[in-house]
Structures are given as C-alpha cells and as structure tokens.
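Here's the letter readout for the chains.
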Amino acid sequence: MKKLFFLLVVALMAAPSLQAQSALELAKQQRELNEFNTKILKAKPTKSVKKEAKKLENDGWLVPVGEKTIAQQIMASQLYAEELMVDEEGITVKRYFSQPSVSKAGSYNAAYAAARANIQIEVASMIKTEIVAAMQAKIDNNQSSAISASTMDKFNQRAKAVVDQTLTAGIPLVTIYRRDENGNFEVQVRIAYDKQQLSAHIKKNMAKELEQEGDELNEIVDEVLKNKF
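The rules behind the values
- Residues numbered from 1 in each chain as written.
- Predicted model: local features only at pLDDT ≥ 70, side-chain atom pairs only at ≥ 80, totals over all residues.
- Heavy atoms only, no water.
- Helix = DSSP H or I, 4+ residues; strand = E, 2+ residues; numbered from the N terminus.
- Buried < 20%, exposed > 50% of the residue type's maximum accessible area, 1.4 Å probe, protein only.
- Contact = heavy atoms within 4.5 Å.
- Areas by Shrake-Rupley, 256 points an atom, 1.4 Å probe, with all protein chains shown as cover.
- Core = buried A, V, L, I, M, F, W, Y, C linked by side-chain atoms within 4.5 Å.
- pLDDT = per-residue confidence, 0-100.
- Pairing = 2+ DSSP bridges.
- Axes fitted to C-alpha atoms, helices over the stretch in contact; angles between N-to-C directions.

1. A word on the overall build of the protein
Working step 1: In terms of helices and strands, the protein carries 7 helices and 5 strands.
Working step 2: Overall, the protein shows an N-to-C arrangement of helices and strands of α-α-α-β-β-β-α-α-β-β-α-α.
Working step 3: Classification of the 229 residues of the protein by burial places 35% in the buried group.
Working step 4: In the protein, the share of contacts with a sequence separation of at least 24, taken over all contacts with a separation of at least 6, comes to 69%.
Working step 5: For the protein, the accessible area works out to roughly 14000 Å², and carbon and sulfur atoms hold 54% of it.

Written out as structure tokens, the structure reads:
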C-alpha cells in the first residue's frame, strides 16, 4: 500500500514537470520556425517571380503610390503561403491562407473596397460551409454529445456576423490596378489570414451563444481552419 501511494505521488509530481517540458519544447520549435520564416520573408524576388511580375506589368498593371513593387508583392504572397507554425499538438502546419479578388469601378477607392469586400464574403462563406459540414458529420456519426441540430441553427444565425468581425484583420499581400479603355479602375487584391488568430477570434465571438457546446465546437473550428484552408 505504501509503495502504491509512493508511486502515485511520484506520478502526480512528474505530470506538471512533463507538461512544462512539453511547453518549453513547443516554444523552442516555434522560435526556430519564426527565425526561419523571418529569413524567408527577407528573401529577394526569384527569377520566376520577376518573370511573372514582368508579364503583369506588360498587361498594364501598376502599383499604387507607396506600395511595394509587383515582384516584391508576389514574392511576399508566395512566402506567406509557405510560412509555417507549430500547433498545440507539436505538428508543423501552414500558418496562413490567402484569397484573391478582382473588382472594377469608376474610382480606385471604390474598386479596392469592392475587392476587399468580395474576399471577406467569399472567405466567410467558405468557413461557415466547412464548419457546418463538420458539425453535421459529427451528428450523423453520433460522435458528439453536445453538437446538435439546435447548435447548427444557432451557429447559422450568428455565423455571418461572427466571421465578418473576424475577417477584418486580414493582411494585404497584393494590391495592383490598371485602367481600362473607359477610364475605369480594375483593382486586384490578395489578402492573407492567420489561421491561428482566425480560430481564436471565431471561438471567442461564439463563446457566449454556444457556451454549452464549448470544447467540441472549439475543436471543430480548429480542425476546419487547420485542414481545410
């Protein structure tokens, strides 16, 4: 009995130590990846990127005053797509996903705003669709005690507002424009989103309405953003 008690005490004492060690290891991995990503982000445009930029320039595309060159923007876009992070399970995953859009209007500002709005609408729709599909899969497979048809109804009612609030913090990667024969502005935009931040914001904004579903809904949001985008 004494021996059993001693082993239990040792196990309980070791648990926090193992957790601390695991957290330190994850932090170390994240630092290493951050250093690696920083080096990548300082890289100069490659030959293929310069070729792509040249084609866009020949097609009449320009950069707004104060923006990076087309080549620099394309390079940044590619590097963000390759940037990595370590998730809570210690798995290396892509950190960002991006979405492009092109819009045309009588002024640059109107075309730019429309392109940004289109991206937000498209990304919000994709995220909502994937989360609802994941919820439905859990219900169909009887894998959840908390997720129900009522959960899906509540999510659908609030999803647009919640996701729209979350998507305001996108990172502009590409912003270029050109004029057509009628003098209208055609603006091409690409926005990147940090999947980890998106997940955190969506969960926070849904916490009050879906408090009962809690952990299971959080897991669904994490998995959707990690694996579908």
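2. Side note on the nonpolar core
Working step 1: Ranked by size, the top nonpolar core spans 32 residues in total, and within it I127, I131, M135, L167 and Y193 carry the most contacts.
Working step 2: Where this core is concerned, the elements lending two or more residues are β3 (96-105), α4 (108-140), α5 (149-166), β5 (185-194), α6 (195-206) and α7 (214-228).
Working step 3: If sequence neighbours within four positions are ignored, I131 has contacts with F155, I220, V221 and V224.
Working step 4: Core analysis: the next-biggest nonpolar cluster, separate from the first, contains 15 residues, L56, I74, M75 and L173 among them.

3. Focus on the confidence of the model for the protein
Working step 1: On average, residues of the protein score 80 in pLDDT, and 80% of them reach the 70 mark or higher.
Working step 2: Under a pLDDT of 50 for its full length, residues 1-15 has, in the predicted model, 0 contacts with residues more than four places off or in other chains.

4. A closer look at the pairing of strand β4 (residues 171-179)
Working step 1: The sheet contact formed by β4 and β5 spans 8 bridges and is antiparallel. When the sheet's bridge partners are listed, P172 is paired in β5 with I191.
Working step 2: Connecting β4 to the antiparallel partner β5 that follows it, the hairpin turn spans 5 residues, and G183 within it adopts a positive phi of roughly 85 degrees.

5. Things to note about the sheet that holds β4
Working step 1: As summarised here, the arrangement of the 3 strands in space is β3-β5-β4, forming an open sheet in which the pairing is antiparallel. Both edges of this open sheet fall to β3 and β4, since each of them pairs with a single strand only. Here the strands of the sheet are splayed against their neighbours by 15 degrees on average, with no regard to which way each runs.
Working step 2: Inspection of the sheet shows β3 paired to β5 by 10 bridges, in the antiparallel sense. If you follow P100 over to β5, its bridge partner there is R190.
Working step 3: Strands β3, β4 and β5 of the sheet are contacted by α4, whose axis makes an angle of about 140 degrees with β3.

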